[in-house]
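Fold and geometry: a report
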Amino acid sequence: MTTDNSGDVRLSGISKTYGSFTAVHPLDLTVPQGSFFALLGASGCGKTTTLRMIAGLEEPTSGTVHLGEQEVSNLPPYKRPVNTVFQSYALFPHLDIFENVAFGLRRRGIKSVKKQVEDMLELVQLGEQARKKPHQLSGGQQQRVAVARALINHPKVLLLDEPLGALDLKLRRQMQLELKRIQTEVGITFIHVTHDQEEAMTMADTVAVMNAGRVEQLGSPTDLYENPNTTFVANFLGTSNLIEAEVDTKNGGDIVLKAGGGKLVLPEARCSAPTTTGGKVLVGVRPEKISLTHADDAGEIAEGRNRITGRIADSSFIGVSTQYVIDSPVCPEFEVYAQNIDRDARLVPGAEVVLHWNPAHTFGLDAAQDIDAGVAEVEEDAA
Amino acid sequence: MAAVTEAPPLAPAPETKPPRKRGRLVPYWLLLPGILWLIVFFALPMIYQASTSVQTGSLEEGYKVTWHFATYWDALSEYWPQFLRSVAYAAAATVLCLVLGYPLAYLIAFRAGRWRNLIMILVIAPFFTSFLIRTLAWKTILADSGPVVSTLHTLHVLDLTNWLGWTSGDRVLATPLAVVCGLTYNFLPFMILPLYTSLERIDGRLHEAAGDLYAKPWTTFRKVTFPLSMPGVVSGTLLTFIPAAGDYVNAELLGSTDTRMIGNVIQTQFLRILDYPTAAALSFILMAAILLMVTIYIRKSGTEDLV
Amino acid sequence: MSVLNWLKRHLVVIAGLLTLGYLLLPNIVVTVFSFNKPKGRFNYQWQQFSMDAWKDPCGVADMCGSLSISLQIAFWATIGATVLGTMIAFALVRYRFRARSTVNSLIFLPMAMPEVVMAASLLTLFLNLGAQLGFWTILIAHIMFCLSFVVVAVKARVMSMDPRLEQAAQDLYAGPAQTFLRVTLPIAAPGIAAGALLSFALSFDDFIITNFNAGSTVTFPMFVWGSAQRGTPVQINVIGTTMFLVAVLLVLSSMLIGNRRNKQKA
């Protein structure tokens, strides 16, 4: 296999507009070679359009696409060393599985395809089905055929357009691991488009969160989760509690803020908002980072922890954890996930409690943003 | 991973090329031959016909465009009964086609199960048999001494239809009833196929949902199925009424001089009497009426569902 | 359950089957009367059973000649209409372009226009151009009115085709020509075949337009028309029955082939 070290995918100033509608605002993106990269976002955010511009199935309104050193922006899809796994698999109904997988090889003029096709079918565990037609296979099997059909061509980049969307939960989990395994084994760059944030975080080395045609934040799943830079990312990946606070002073590497009569501490490095005294900041903390103590035991809480008082409005026992919703003067609906180790029987709706957490787990966001951006709404458009 | 063949090297990318709009002219090249054919052999003749209708002259002297619009007036005043008759017969046939055809289309779409293909074949296959031969068969079916007419006679149905003016004497042949029968028969497939297409698109689960919401079968039909099948109904009506209005074969084979439709007149004028201006005028009136109907339809429903 | 209830439940089916009967009755009559031995010139009354007509199908003067002409015209008209119509259908479904509604209207009108109007105006055109009426004028007319039906048949099939299949083909290194030959055409084939079949039937069976523009050429429908005045030989029933059987066999076999191909690679 050619070892082409300059195989980074580089999008420079890529944009796509349809008439007056901008699907993708000019964006720059570099996908390191050999990485598993995820484009994550809700439907309509522009992630599929971006993917299709890399594939050549959409012409960019502006900007360039580079694969390594080669500029491919104006090349039609059949001239790019890139293959796509489509959302609905797009298997050719009039050809059997063997011919489907062999399609790309044949179009490139390769004569003897038998060995390669058989090897590839073995790789995705479909050796027995070679002569069946697509409609005779299950959804999961079709999906593997789609992957095989793309991979057999040794593309520089494999593009996956929400390939697991049509599968049921268990199968999806299985395929996620499967794809990750294949990518590690094969070593090709995978660019995976999905709206499922768990999927993105499980599979990808790097995730780019997209919203309304722009990339909100790019980084490893851990970075994005633990230190979101925008409210959208904070709310879209998992759940966040966002508290409106005002900057009071700075103390060493920490910022001290006032909120609801109390003080909160936030490391300056974890604050992506401007921090002038008196300025507004959204202080964020994830629900699982918070400890819940009954108000009577408030004295036992360690020093140096951020603390808030409130009353339990709701509690749901999930099994693995208990999820609480707290009413607090500082923040209306505060969510806390308490791991189910020892259950305190006093923690029932109506109880007065103190919430506390390690300041190092706090992150800060620009208060000018929409506090509800990225929160899942009831009326979702069908993906 | 089995490192098999390497991907063949791909062409080096061109230097700086402006983003090209790929194949923007392709659709026009695809359309050109067919549309040209239709323009020359469909649209253009219509214009020639309009021009002929305002010409005067004769076969010996030749024809010249004299803008002799009186031809229209003369034609209309002489042949308005045939126009009216054509509209009446075509309307009757269309209604009958709808009433008869809808159950069959519904049956094929929803109730046929594994018989669907067979029934479709039986609907379409007669198409392939010469319609003239089949129309002539009606002469046998509706023969004076045949079983059908005898039965109608015994049941006194003929008395009723005589009174309505649809038949006369004790005959069905050579009466309006026979012509309408023939028209209905000939144009049924043109009603059934669009209806079927429209019905087939309806999700069967809508019926279930309606039933779940307390609708009786007839109500479901009235409130859900029929409205959703409207595009097919309209399309089928257009494709039935219009050709039927201009038909002359049924009137000629199954009717009499009293049942002559406008199509018969045009045919006679064109092929026997050779009065081209009059024939062209009549034809133009018919065509104009139809264009008007189609235009109204297009205004209401757009052109995307037409073809 | 009571008879009335059973009737109510199956009303639609009964009504539908009655209509089907109405549609097929003439065909049955045609077939039955192909075994007739009529007394006079016309074949409208049953006399006695006889295989004479079947044994001597071309016994009537000029009939088989007209049959041959009709078949030839139908063949060439089908080729012409299918090629032109398929191209238009693809343009309509796969591309965006201006004048779309004009094109749609232009395609629709020949289907809706009474034949007598189209026949008359075409005749006017040919007369004005001084063209000789005969085989070629008939052929031209037939291609004209069959076009629209091919467009409808092909368009229906192509519309139900996932456009991503063609994108997938391009993604897998198939250029435009390859994509069309390897993916688009094979999948659209049933629609094209249906259009061709329809075109053949319409052309073979056409009377009105042909009658106006034939000059002295006689096609099979024209022969039948003439015979309605002169005398209807039993052989036309033979031809009619044969055509019906051929049509049924053709459609049946195409369905069976389609089914078998699906099962074969199991």
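Residues numbered from 1 in each chain as written. Chains lettered and ligands numbered in written order. Predicted model: local features only at pLDDT ≥ 70, side-chain atom pairs only at ≥ 80, totals over all residues.

Right, let's get into the environment of Val32 of chain C. All names here are of chain C. Mapping Val32 onto the fold places it in helix H2 (residues 11–33). Take Val32: there are 15 C-beta atoms within 10 Å of it, and that puts it in the partly exposed class. Separated by 182 residues in sequence, Val32 and Ala214 have C-alpha atoms that sit 32 Å apart. (Helix = DSSP H or I, 4+ residues; strand = E, 2+ residues; numbered from the N terminus. Buried ≥ 20, exposed ≤ 12 C-beta atoms within 10 Å, placed from the backbone.)

Glancing now at the interface of chain B and chain C. With 77 residues of chain B at the contact, the number on the chain C side is 78 residues. Looking at the side of chain B that touches chain C element by element, the count peaks at 18 residues for helix H1 (residues 26–53) of chain B. Here the residues of the side of chain B that touches chain C are counted per class, giving 59 nonpolar, 13 polar and five charged. (Contact = placed C-beta atoms within 7 Å. Nonpolar A, V, L, I, M, F, W, Y, C, P; charged D, E, K, R; others polar.)

Residues and elements named next belong to chain C. For H2, with 23 residues, the first-to-last C-alpha span of 32 Å sits near the 33 Å given by 1.5 Å per residue. At Leu24, H2 shows its strongest bend, of approximately 40°, with the proline Pro26 following within four residues. All of the buried residues along H2 are Gly16, Thr19, Leu20, Leu23, Pro26, Val29, Val30 and Phe33. (Expected span 1.5 Å × (residues − 1). Bend = angle between axes of the 7 residues up to and from the residue.)

Residue and element names in this part refer to chain C. Viewed as axis vectors pointing N to C, helix H4 (residues 63–94) and helix H7 (residues 135–159) meet at an angle of 40°, and their least axial separation amounts to 6 Å. With respect to each other, H4 and H7 are oriented oblique. For the crossing formed where H4 meets H7, the hand is right-handed. In the contact of H4 with H7, the residues fall into 21 nonpolar, five polar and one charged. (Axes fitted to C-alpha atoms, helices over the stretch in contact; angles between N-to-C directions. Parallel < 35°, antiparallel > 145°, perpendicular 65-115°, else oblique. Left-handed = near helix turned anticlockwise from the far one by under 90°.)

One can read the domain layout of chain C as domain 1 (3–52) and domain 2 (61–232). Distance between the C-alpha centres of domain 1 of chain C and domain 2 of chain C: 31 Å. (Domains from an automatic or database assignment.)

Let us now look at the sheet that holds strand S2 (residues 21–31) of chain A. Residues and elements named next belong to chain A. As summarised here, the arrangement of the four strands in space is S2-S1-S4-S5, forming an open sheet in which the pairing is antiparallel. With partners counted over all chains shown, the strands left at the sheet margins are S2 and strand S5 (70–71), one partner each. Across the sheet, helix H1 (residues 47–55) is in contact with strand S1 (9–18), S2 and strand S4 (62–67); its angle to S1 comes to roughly 120°. (Pairing = 2+ DSSP bridges.)

This next bit is on the confidence of the model for chain A. Per-residue confidence for chain A gives a mean pLDDT of 89, with 97% of residues at or over 70. Here residues 1–5 of chain A is modelled with pLDDT under 50, and outside its nearest four sequence neighbours on either side it reaches seven contacts, counting other chains as well. (pLDDT = per-residue confidence, 0-100.)

The subject of this paragraph is the domain arrangement of chain A. By a frequent convention, interface size equals the accessible area lost on bringing the separate parts together. Residues and elements named next belong to chain A. Per the domain assignment, the segments making up chain A are domain 1 (9–231) and domain 2 (239–366). On a C-alpha basis, the centroid separation for the pair domain 1 and domain 2 is 39 Å. Of the residues lining the interface, five residues belong to domain 1; the matching set on domain 2 comes to six residues. Classifying every residue of the side of domain 1 that touches domain 2 gives one nonpolar, four polar and no charged.

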